[in-house]
Amino acid sequence: MATIEECRAALDKLGEQFHEISDEDRAKHVVERRLQCRISDLNVTFYGRIHREGLDPFTEIPPADGRPAEVKLTLGSQDLIALVNGELDMARALFSGRVKIDASLGDLLRLRRLL
């Protein structure tokens, strides 16, 4: 099991990786969405926001507006780190149940192009 700090670092790295996506691809595939990433084995939830300009830093503080996230991920701490480091394939993780995503079909298709 990874620590909360290691998970924060992985989410920060994910933000850095997102900024490496071309402006053209972000313009095609990204719409503004609130994100929720629940780390099941640590019982902690991180909140963030994706938009065309980037991926805002994740925090443990829910958004002040109280609106629910449109994209919700649930996974274990080790799986988060493995996904961000490219050691775990997202499709395999989804099909095996290691990662759960609650999002609209449209959001899933857009995210697939970015991961």
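Thresholds, definitions, all that
Just so you know, the residues in each chain are numbered from 1, in the order the chain's sequence is written. Predicted model: local features are reported for residues with pLDDT of at least 70 only, side-chain atom pairs are reported and counted for 80 or more only, and whole-chain, interface and lining totals are derived from all residues. Heavy atoms throughout the structure, all of them, feed into the side-chain values; hydrogens and water do not. Within this scheme, the nonpolar core is defined by two criteria: the residues are buried Ala, Val, Leu, Ile, Met, Phe, Trp, Tyr or Cys, and they are joined through side-chain atoms within 4.5 Å. Exposed residues in this analysis have more than 50% of their type's maximum accessible area, buried residues have under 20%, and partly exposed residues fall in between, with area computed by a 1.4 Å probe over protein chains only. Put simply, DSSP marks the helices as runs of H or I at least four residues long and the strands as runs of E at least two long, and each gets a number from the N terminus on. Residue contacts are defined here by distance: any two heavy atoms, one from each residue, within 4.5 Å place the two residues in contact. Axes here mean lines fitted to C-alpha atoms, for a helix over just the part in contact, with angles spanning 0 to 180 degrees between N-to-C directions. In what follows, roughly perpendicular refers to angles from 65 to 115 degrees, roughly parallel to angles under 35, roughly antiparallel to angles over 145, and oblique to any angle outside these ranges. When the near helix sits turned anticlockwise from the far one by under a right angle, the crossing is termed left-handed; a clockwise turn instead gives a right-handed crossing. When residue character is reported, Ala, Val, Leu, Ile, Met, Phe, Trp, Tyr, Cys and Pro are called nonpolar, Asp, Glu, Lys and Arg charged, and the others, Gly included, polar. The span you would expect from a helix comes to 1.5 Å times its residue count less one. Here the arc refers to the directions that run from the helix axis out to each C-beta atom. When DSSP finds two or more bridges between two strands, those strands count as paired. Between Lys or Arg on one side and Asp or Glu on the other, a salt bridge is scored when a side-chain nitrogen of the former is within 4 Å of a carboxyl oxygen of the latter.

## Topic: the nonpolar core
Phase 1: Within the largest apolar cluster, 28 residues are counted, with the highest numbers of intra-cluster contacts made by C37, I39, F46, F58, L75 and L80.
Phase 2: When residues of this core are traced back to their parent elements, those giving at least two are α1 (4–19), β1 (33–39), β2 (44–51), β4 (71–75), α3 (77–84) and α4 (90–96).
Phase 3: Per-element tally for this core: the top contributor is α3, with five residues.
Phase 4: Residues in contact with L75, not counting those within four places in the same chain, are C37, R38, I39, S40, L80, L83, R98 and V99.

## Re the packing of α1 against α3
Phase 1: It is at 9 Å that the axes of α1 and α3 come closest, and there the two elements cross at 25°. Here α1 lies roughly parallel to α3, going by the angle between them. Remark: the crossing between α1 and α3 carries left-handed chirality. Taking contact as the criterion, the partners of E6, C7, A10, L11, K13, L14 and Q17 in α1 are, on α3, S77, L80, I81 and V84.
Phase 2: When grouped by side-chain class, the residues that make up the contact of α1 with α3 number seven nonpolar, two polar and two charged.

## Describing α1
Phase 1: End to end, α1 covers 23 Å across 16 residues, agreeing with the expected 22 Å (1.5 Å per residue, within 8%).
Phase 2: Residues of α1 that are buried include every one of C7, A10, L11, G15 and F18, and no others. End-on, the buried residues of α1 take up no more than an arc of 145°, which puts them together on one face. Turned more than 90 degrees away from the buried face of α1, the exposed residues are E5 and E16.

## Focus on the sheet that holds β2
Phase 1: Spatially, the five strands line up as an open sheet ordered β3-β2-β1-β4-β5, and their pairing is mixed. The strands lining the two open edges of the sheet, one partner per strand, are β3 (54–55) and β5 (99–102).
Phase 2: In terms of strand pairing, β1 meets β4 through five bridges, oriented parallel. Among the inter-strand pairings, R38 is bridged to a residue of β4, identified as T74.
Phase 3: In the packing of α1 onto the sheet, the strands contacted are β1, β2 and β3, and the crossing angle to β2 comes to about 10°.
Phase 4: On the sheet, α3 packs against β1, β4 and β5 and is oriented at approximately 115° with respect to β4.

## Let's talk about the environment of A27
Phase 1: Along the chain, A27 falls in helix α2 (residues 23–29).
Phase 2: Between the C-alpha atoms of A27 and R52, which are 25 residues apart in sequence, the distance is 6.0 Å.

## Structural notes on the side chain of R34
Phase 1: With respect to the secondary-structure elements, R34 resides in strand β1.
Phase 2: The residues touching R34, leaving out its near neighbours within four places in the chain, are G48, R49, P63, D65, R67, P68, A69, E70 and V71.

## So, the pattern of salt bridges
Phase 1: All told, the structure shown has nine salt bridges when counted by the stated rule.
Phase 2: With a shortest N-O distance of 3.8 Å, R8 and E5 are connected by a salt bridge. With R8 and E5 both in helix α1 and three residues apart, the pair spans about one turn of that helix.
Phase 3: Residue E5 is classed as exposed on the basis of its relative accessible area, which comes to 52%.
Phase 4: Each of E5, R8 and E60 takes part in one network of salt bridges that share partners.

Shape descriptors only; they carry no functional weight alone.
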